[in-house]
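# Remarks on the overall topology
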Amino acid sequence: MHTYKSIEDIVGEIVRFAPSPTGHLHIGGARTAIFNWLVAKKTGGKFLLRIEDTDLQRSTQESINQIIESMRWLGLDWDEPVFYQSENRNRHIEVAQNLLQEGKAYRCFCSKEELTEKRAKAEKETGGYQYDGKCRKLSGAEIANNLDKKLPFTLRLMTKHKDIRFTDLVIGETKITAGEIDDIIILRSDGSPVYQLAVVVDDFDMGITTVLRGSDHLMNTFKQILIYEAMGWTSPQFGHVPLIMGVDKKRLSKRHGATSVEEFKDQGILAEALFNYLCLLGWSPGDDMELMDRNEIIKKFDQKKINKSAAVFDPKKLNWFNSKYIAQLSIEEILPEIEAYFDTLGCKIIDSDKERFKLLVGLYKIRSGTLAELKENLTVYFFDPEVFTEKGVNKFFTEKRNMELLRQISGKVASTPNDPFSSIGNSEIFIRSFAEEQNTSAAKVIHPLRLAISGKTESPGIFELVYILGREKIIRRIDKALTFIEKLER
Ligand code: GLU
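Overview of the structure. (Residues numbered from 1 in each chain as written. Predicted model: local features only at pLDDT ≥ 70, side-chain atom pairs only at ≥ 80, totals over all residues. Heavy atoms only, no water.)

## A word on the overall build of the chain
Rules: Helical segments are the DSSP runs of H or I of at least four residues, strand segments are the runs of E of at least two, and each set is numbered from the N terminus. As defined in this context, the radius of gyration uses C-alpha atoms, and a globule is described by 2.2 Å times the residue total to the power 0.38. Throughout this description, buried means an accessible area under 20% of the type-specific maximum (1.4 Å probe, protein chains only), exposed means over 50%, and partly exposed covers the range between. A 1.4 Å probe and the Shrake-Rupley method give the accessible areas. Residues count as covered only by the protein chains that appear here. For the purpose of charge, His is not counted, nor are the chain termini; Lys and Arg are scored as positive and Asp and Glu as negative. Lysine's charge is taken at NZ, arginine's at CZ, aspartate's at CG and glutamate's at CD.
When its secondary structure is counted, the chain shows 20 helices and 12 strands. Over its C-alpha atoms the chain spans a radius of gyration of 32 Å, topping by over 25% the 23 Å that the globule rule assigns to 490 residues. When the backbone C-alpha atoms are referred to their principal axes, the chain occupies close to 110 × 55 × 40 Å. Within the chain, the fraction of its 490 residues that count as buried is 49%. Within the structure as shown, the chain displays about 24,100 Å² of accessible surface, and the carbon and sulfur contribution to it stands at 51%. A distance of 3 Å separates the average location of the 70 positive side-chain charges in the chain from that of its 71 negative side-chain charges.

Here's what the structure looks like:
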């Protein structure tokens, strides 16, 4: 049996996250993990990770690795070695056998065919089905006879006919009325323990004091309470967190776009931003504080303040959080990742250009929703624009006068003896005086120029941009833009 040392010494809550490794870690699961982790941190307890790998058909090592990686990335550390449910199988079976011996469970010899037939009939007649308890009433002789004949059997819990109530941490008083749950199977005919039993035994053995999980587990909780009662064990406190919906108020699914932690990571969402945002899906500190670091969240978190109603996942809001976190990062912090990315594209930043590139990172850092967007924005440094936005072309590349301005400025940049873009200040003087010479406003020069050198109608300040890109690129890009415009005209 897997035991956890020092449980007795802990004053705080012992909580767990218990994912089934049948896919990636979804944000619903991640939020459950975060809430549990917060309870442990808040109360000075322990956060444990249990991989529920008993469904051998659907569990994969790849999912286990991915879940663990996503949790690490989110900074959710667990306080004991990972617990694997499959390793506790013998103990699950032992508990089921105990229940049988104590007369709290019984052998059910009903065949699959018989049960399927009964179910179909009941569903047709009444719309619902429950096991009728036929094998409860078998005599000792009948059981012995069936065993002699080696008839396969399941073990069923002898469910008491009474209401089941508990006080949910999130939803408050909760109950189901007597008769809503039939004699649940705890051991299948192949001898394998069912999920409900495994969860109860593991939670008990791990000393779990609070179980916070998605509200889709509410019905399981009632069944699990029956097993706790049959074993004479005190059950943990339960809390059921409402599910996460998409902006259309439908249950979050692939249709809504990215849903796994890994996908958000790949999109360039920062772990701290996702952590912060997920905390606020279903919980709020009660004031308007939204951007909070981990320590602040731990300080303010209160599981009793988890919302009773479903939370809406809004990717735009997540991007807003992310942009705030990206803006807060120092350039030095993100530079290695950015350089590594451009390295894979064969783009190197030579030492003498580094300062200018860093300046550009700083300028785009505050304008990017995700790291991916930041990288995409920074391509302006390495690649001449291949396309120009349609809006920009219509606005700034159609007038003859603009073409003339571009031609003139390119010539002037090339023929000025000293580099006109040797500093941001000089760049400004150069562009403004060029506009004056042309009897036009600086804006009239800046718009087509920006489009020509970046392909876009929006960018950081043009004086900074021309300084960072440097004279050679500017001349080349303007000339390429002019060729593009000429083609447009033909
Ligand atoms: N393994 C279950 C799941 O991934 C969770 C069980 C629980 O939290 O009790 O949905």
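Read on, since the account is not over.
## As for the layout of surface pockets
Here is the rule: A cavity, in this analysis, means grid points on a 1 Å lattice covering only the protein atoms where a 1.4 Å probe fits yet has no way out; a pocket is instead an open set bounded by protein on both sides within 12 Å along at least five of seven lines, and a residue lines either one if it has an atom within 4 Å of a point. Grid points are joined across faces, edges and corners, and a volume is the space filled by probe spheres set on the points. Think of it as three bins: nonpolar holds Ala, Val, Leu, Ile, Met, Phe, Trp, Tyr, Cys and Pro, charged holds Asp, Glu, Lys and Arg, and polar takes everything else, Gly as well.
Here the largest pocket is characterised by a volume of approximately 1,400 Å³. A18, P19, S20, T22 and H217 are, among the 46 residues lining the largest pocket, the residues nearest its centre. Broken down by secondary-structure element, the contributors of at least two residues to the lining of the largest pocket are strand 1 (14–17), helix 1 (27–43), helix 6 (195–205) and strand 9 (210–214). Sort the elements by how many residues they give to the lining of the largest pocket and helix 1 lands first, with six residues. Residues of the lining of the largest pocket, tallied by class, amount to 16 nonpolar, 18 polar and 12 charged.

## A look at the pairing of strand 6 (residues 164–168)
Using the following cut-off: At least two bridges found by DSSP between two strands are what make those strands a pair.
Only one face of strand 6 is covered, namely the one carrying I164, F166 and D168; the face carrying R165 and T167 has none of its residues buried. Pairing of strand 6 with strand 7 (residues 172–176) involves five bridges; the strand directions are antiparallel. When the sheet's bridge partners are listed, F166 is paired in strand 7 with T174. Here strand 6 folds back onto strand 7, and the loop between the two strands holds three residues.

## Looking at helix 4 (residues 112–126)
We count it as follows: Working rule for helices: expected span equals 1.5 Å times residues minus one.
The first and last C-alpha atoms of helix 4 sit 21 Å apart over 15 residues, in line with the 21 Å expected at 1.5 Å per residue. Immediately downstream of helix 4, the backbone of G127 shows phi near 85 degrees, a positive value.

## A few points about the sheet that holds strand 1
Ordered in space as 1-2-3, the three strands form an open sheet in which the pairing is parallel. Taken across any chain shown, the strands that pair with only one partner, and hence form the sheet edges, are strand 1 and strand 3 (83–84). As defined by bridge partners, strand 2 (residues 46–51) adjoins strand 3 across two bridges and the pair is classed as parallel. Considered in strand 3, the bridge of I51 is made with Y84.

## Let's talk about the nonpolar core
Worth spelling out the cut-off: For this analysis, a nonpolar core means a set of buried residues of the types Ala, Val, Leu, Ile, Met, Phe, Trp, Tyr and Cys, connected via side-chain atoms within 4.5 Å. The contact criterion used is simple: two residues touch if any of their non-hydrogen atoms lie within 4.5 Å.
The biggest cluster of nonpolar side chains holds 106 residues, and the ones touching the most others in it are L38, F357 and F397. A per-element tally of this core places helix 1 first, with nine residues. Excluding its chain neighbours within four sequence positions, the residues that come into contact with F397 are F388, G392, L406, P448, L451, A452, A481, F484 and I485. Residues L99, I176, I186 and L187 belong to the second largest nonpolar core, which totals 34 residues.

## What about unusual backbone geometry?
One non-glycine residue, K249, adopts positive backbone phi at about 65 degrees. A positive phi is found at N439, a non-glycine position, where the angle reads about 55 degrees. The topology assignment puts N439 in the loop between helix 17 (424–437) and helix 18 (442–454).

## Quick word on the side chain of H92
Mapping H92 onto the fold places it in helix 3 (residues 89–101). A relative accessible area of 0% places H92 in the buried class. Residues within four places of H92 in sequence aside, it is in contact with Q85, P193, L197, A198, V201 and D202.

## Comments concerning the packing of aromatic side chains
Centre-to-centre distance and the angle between the planes together describe a pair of aromatic rings. Here is the rule: Aromatic pairing here means that ring centres of Phe, Tyr or Trp (its six-membered ring) are within 6.5 Å. Orientation follows from the plane angle: under 30 degrees is stacked, over 60 is edge-to-face, and everything else is tilted.
By the definition in use, this model includes 23 aromatic pairs. Taken together, a centroid distance of 5.8 Å and an interplanar angle of 70 degrees make the contact between F166 and F238 edge-to-face. Here F238 lies in strand 10 (residues 237–241) and F166 lies in strand 6, a separation of 72 residues in the sequence. Take F166 and F238: they sit in the same class, and that class is buried. Through pairs of rings, three or more aromatic residues link up here, namely Y341, F342, F357, Y381, F382 and F383.

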